[in-house]
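Analysis of the macromolecular model
Next come the chains, spelled out residue by residue.
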Amino acid sequence: YTENLYAIWATAHVTQFTEYGWRYLKPGSGSGVLSNGGFYTTLTSPDSADFTIVIAKISHEHAQCARPTLPDVNVTAEEVVFVLNDNMKSPNRLHFWRSNFEEEKKIEFEEQADVTVENNIVRVKVSVGDVITLSTISDAKKGHYPSVKSEPQFPLPHNDDFESKPISQEAPLCSDQIGAFETHLETGNSSNKVMRQMVP
């Protein structure tokens, strides 16, 4: 088990507010970079009845694992203003969820007061370290888990030769966040299975 759930809460900023079949809007038409560092992206439902905007403003020091490597830019807080197109069926307000993994007291996927939409304009203050979701989706939830006993602990070091794992499948105890790994036969040695990175 893990108590460092930052990646899970960051992922929830997308998965709690979208469904299979939603599409990303192109850069310049709903996705792009923020003036003071960071980025935003918009996803819409197939019928365009619902949409979700995800904003991330992570400092360079806290984004070392990102791929491709982020440019070394000065990231500072700012107010971000979005102008919604008429075809987005602009609501009166958007649901607002926020995480911040850089503040001394971490904020992990917490619901905030709704953001008002006035004349198709949305304003939101974004701090360094923020991951923010603005969405028409109203039924997002933050899951909870029971406290986990400290025993038994996972045995370390852990070894696996992958020989009992099926070809072209993810091996047990692996959970890819960036890239995709599968069990395959070693190149030049068909009697040995290895984990191979399939997607960067």
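What you see is a predicted model; the values in this text were computed from it and never measured.

What to know about the overall build of the protein chain
Within the protein chain, the regular secondary structure consists of one helix and eleven strands. Taken over 200 residues, the protein chain has a buried fraction of 32%. By sequence separation, contacts in the protein chain at least 24 residues apart represent 57% of the contacts at least 6 residues apart. Carbon and sulfur atoms provide 52% of the accessible area of the protein chain, an area that totals close to 13,100 Å².

Digging into the environment of isoleucine 8
Within the secondary structure, isoleucine 8 is located in helix α1 (residues 6–15). Measuring from C-alpha to C-alpha, the distance between isoleucine 8 and glutamate 108 comes to 9.4 Å, with 100 residues separating the pair along the chain.

Some thoughts on the pairing of strand β7 (residues 107–118)
Pairing of strand β6 (residues 93–100) with β7 involves six bridges; the strand directions are antiparallel. Along β7, the bridge assignment pairs leucine 94 with valine 115. Counted between consecutive antiparallel strands, the loop separating β6 from β7 contains six residues. By the bridge criterion, two bridges tie β7 to strand β8 (residues 121–126) in an arrangement that is antiparallel. By the bridge assignment, valine 117 is partnered in β8 with valine 122.

So, α1
Every α-helix winds through 3.6 residues per turn, so residues three or four apart in the chain are directed the same way. The set of residues buried in α1 consists of Trp9, Ala12 and His13. Angular distribution of buried residues about the axis of α1 spans 110°; they occupy a single face of the element. Residues of α1 that are buried sit in contact with β4 (51–57), β6, β7 and β9 (130–135).

Concerning the side chain of glutamate 78
For glutamate 78, the location among the structural elements is in strand β5 (residues 78–83). When its relative accessible area of 13% is taken as the criterion, glutamate 78 is described as buried. Within the local environment of glutamate 78, its side chain forms a polar contact with the backbone nitrogen of asparagine 36, the two atoms lying 2.9 Å apart. Among the polar contacts listed, one links the side chain of glutamate 78 to the side chain of lysine 57, at a separation of 2.7 Å.

A closer look at the pairing of β6
Among the eight residues of β6, seven are classified as buried, and the element is accordingly described as predominantly covered. The pairing of β6 with β9 spans six bridges and is antiparallel. Paired with histidine 95 across the bridge in β9 is serine 135.

Side note on the layout of surface pockets
In this structure, the second largest pocket spans a volume of roughly 310 Å³. Together, 18 residues line the second largest pocket, and Leu25, Ser29, Gly30, Asn85 and Met88 are the ones closest to its centre. Elements with a contribution of two residues or more to the lining of the second largest pocket: β3 (39–44), β4 and β5. Per-class residue counts for the lining of the second largest pocket are nine nonpolar, seven polar and two charged.

Section: the confidence of the model for the protein chain
With 87% of its residues at a pLDDT of at least 70, the protein chain reaches an overall mean of 86. Predicted confidence in the protein chain is weakest over strand β11 (residues 189–199), with a mean pLDDT of 86, and strongest over β9, with 97.

What about the pattern of salt bridges?
In total, this model carries six salt bridges according to the counting rule given. With a shortest N-O distance of 3.4 Å, aspartate 114 and arginine 93 are connected by a salt bridge. Linking aspartate 114 in strand β7 with arginine 93 in strand β6, this pair joins segments that are 21 residues apart in sequence. The partner of aspartate 130 in a salt bridge is arginine 98, with the nearest N and O atoms 2.8 Å apart. Taken as a pair, aspartate 130 in strand β9 and arginine 98 in strand β6 lie far apart in primary sequence, 32 residues in all. With respect to class, aspartate 130 is no different from arginine 98; both count as buried. Linked through salt bridges whose partners overlap, the residues forming this network are Arg98, Glu103 and Asp130.

Cut-offs and rules
- Numbering of residues starts from 1 in each chain and follows the order in which that chain's sequence is written.
- Residues qualify for local features only when their pLDDT is at least 70, as the model is predicted, and side-chain atom pairs are given and counted only at 80 or more; totals for whole chains, interfaces and linings, by contrast, use all residues.
- Side-chain numbers come from the whole structure's heavy atoms, not from hydrogens or water.
- Helix numbers and strand numbers start at the N terminus; a helix is a DSSP run of H or I with at least 4 residues, a strand a run of E with at least 2.
- Under the scheme applied here, a residue whose accessible area is under 20% of the maximum for its type counts as buried, over 50% as exposed, and between as partly exposed, the area being computed with a 1.4 Å probe on protein chains only.
- Contacts were defined at the residue level, with two residues in contact if any of their heavy atoms lie within 4.5 Å.
- Accessible surface area values rest on a Shrake-Rupley calculation with a 1.4 Å probe, where residue burial reflects the displayed protein chains alone.
- For two strands to pair, DSSP has to find at least two bridges joining them.
- Relevant arc is that of directions from the helix axis to the C-beta atoms, nothing else.
- Polar contacts, as counted here, are pairs of nitrogen or oxygen atoms within 3.5 Å of one another; within protein the pair requires one atom able to donate a hydrogen and one able to accept it, and residues that are adjacent in sequence qualify only if both atoms are side-chain atoms.
- Buriedness of a pocket was judged along seven lines, with at least five required to meet protein on both sides within 12 Å; pockets are open sets of points on a 1 Å grid over the protein atoms alone, cavities are sets where a 1.4 Å probe fits but cannot get out, and lining residues have an atom within 4 Å of a point.
- Grid points are joined across faces, edges and corners, and a volume is the space filled by probe spheres set on the points.
- Note on residue classes: Ala, Val, Leu, Ile, Met, Phe, Trp, Tyr, Cys and Pro are nonpolar, Asp, Glu, Lys and Arg are charged, and everything else, Gly too, is polar.
- The pLDDT value tells you how sure the predictor is about a given residue, anywhere from 0 up to 100.
- Here a salt bridge means any side-chain nitrogen of Lys or Arg lying within 4 Å of a carboxyl oxygen belonging to Asp or Glu.

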